[in-house]
Amino acid sequence: MSNAGQTLGYIEDRDDISIINITQKRLVSPQDGDDLKEMVEGLIKKGQTKVVFSFSEVEFMSSTILGAMISISTRLRNIKGAIKVTGLNPNIREIFSITNLDKVFGI
């Protein structure tokens, strides 16, 4: 895998699940979304199809990141994978709820 995501966080593998721990406090740039997608593509290339995103350190995320998350979800669903999201602060959780993305990602 390339250096994508190194500034975003780190990946933990647990059994058949990969946990992407996001340590960057603000996810706002299109590059952040591209890096998230590239991290997941690297996992898929290794045969991983179950991914959990931990956003416990994230204080703000832009709509660009939501778009990237939808793209990642679609990609994983197309290969019979799954995506979950954990550690959302109340403000970000509300955004997921208002947009009904909480149902898409199984928060």
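Let us look at the structure shown here. (Residues numbered from 1 in each chain as written. Predicted model: local features only at pLDDT ≥ 70, side-chain atom pairs only at ≥ 80, totals over all residues. Heavy atoms only, no water.)

Looking at the overall build of the protein chain
Next, step 1: Within the protein chain, the regular secondary structure consists of 4 helices and 6 strands.
Next, step 2: Written out in order from the N terminus, the α and β elements of the protein chain read β-β-β-α-β-β-α-β-α-α.
Next, step 3: Burial analysis of the protein chain (107 residues in total) assigns 41% to the buried set.
Next, step 4: Restricting the contact set of the protein chain to residue pairs at least 6 apart, pairs at least 24 apart contribute 68%.
Next, step 5: Of the roughly 5,900 Å² of accessible surface on the protein chain, 50% is carried by carbon and sulfur atoms.
Next, step 6: In the protein chain, the 13 positive side-chain charges and the 13 negative ones have mean positions that sit 6 Å from each other. (Helix = DSSP H or I, 4+ residues; strand = E, 2+ residues; numbered from the N terminus. Buried < 20%, exposed > 50% of the residue type's maximum accessible area, 1.4 Å probe, protein only. Contact = heavy atoms within 4.5 Å. Areas by Shrake-Rupley, 256 points an atom, 1.4 Å probe, with all protein chains shown as cover. Lys, Arg positive; Asp, Glu negative; His and termini not counted. Charge placed at Lys NZ, Arg CZ, Asp CG, Glu CD.)

Regarding the pairing of strand E2 (residues 17–22)
Next, step 1: Among the 6 residues of E2, 5 are classified as buried, and the element is accordingly described as predominantly covered.
Next, step 2: Taking the residues that link successive antiparallel strands as the turn, the strand E1 (residues 9–14)-E2 hairpin has 2 residues, and the phi of Asp15 there is positive, at about 50 degrees.
Next, step 3: Pairing geometry for E2 and strand E4 (residues 50–54), over 4 bridges, is parallel. When the bridges of E4 are listed, Ile20 appears paired with Phe53. (Pairing = 2+ DSSP bridges.)

Let's talk about unusual backbone geometry
Next, step 1: You will see that Asp15, though not glycine, has its phi angle at about 50 degrees, which is positive.
Next, step 2: Secondary-structure assignment places Asp15 in the loop between E1 and E2.
Next, step 3: Unusually for a residue other than glycine, Asn100 sits at a positive phi of about 65 degrees.
Next, step 4: Here Asn100 shows up in the loop between helix H3 (90–98) and helix H4 (101–105).

Quick look at the pattern of salt bridges
Next, step 1: In total, this model carries 7 salt bridges according to the counting rule given.
Next, step 2: Here Glu41 makes a salt bridge to Arg75, at a shortest N to O gap of 2.6 Å. Linking Glu41 in helix H1 (residues 30–45) with Arg75 in helix H2 (residues 63–78), this pair joins segments that are 34 residues apart in sequence.
Next, step 3: Looking at Glu41, the relative accessible area reads 27%, which means it is partly exposed.
Next, step 4: Ionic pairing is found between Asp102 and Lys103, a salt bridge with its closest N-O pair at 3.9 Å. (Salt bridge = Lys/Arg side-chain N within 4 Å of Asp/Glu carboxyl O.)

Examining the packing of H1 against H2
Next, step 1: The contact between H1 and H2 brings their axes to 8 Å, and the two run at 20 degrees. The orientation of H1 with respect to H2, classified from their angle, is roughly parallel. Handedness of the crossing formed by H1 with H2: right-handed. Contacts between H1 and H2 involve Pro30, Asp32, Gly33, Leu36, Lys37, Val40, Glu41 and Ile44 from the first element and Thr64, Ile65, Ala68, Met69, Ser71, Ile72, Arg75 and Leu76 from the second.
Next, step 2: Taken together, the residues that form the contact of H1 with H2 break down as 9 nonpolar, 3 polar and 4 charged. (Axes fitted to C-alpha atoms, helices over the stretch in contact; angles between N-to-C directions. Parallel < 35°, antiparallel > 145°, perpendicular 65-115°, else oblique. Left-handed = near helix turned anticlockwise from the far one by under 90°. Nonpolar A, V, L, I, M, F, W, Y, C, P; charged D, E, K, R; others polar.)

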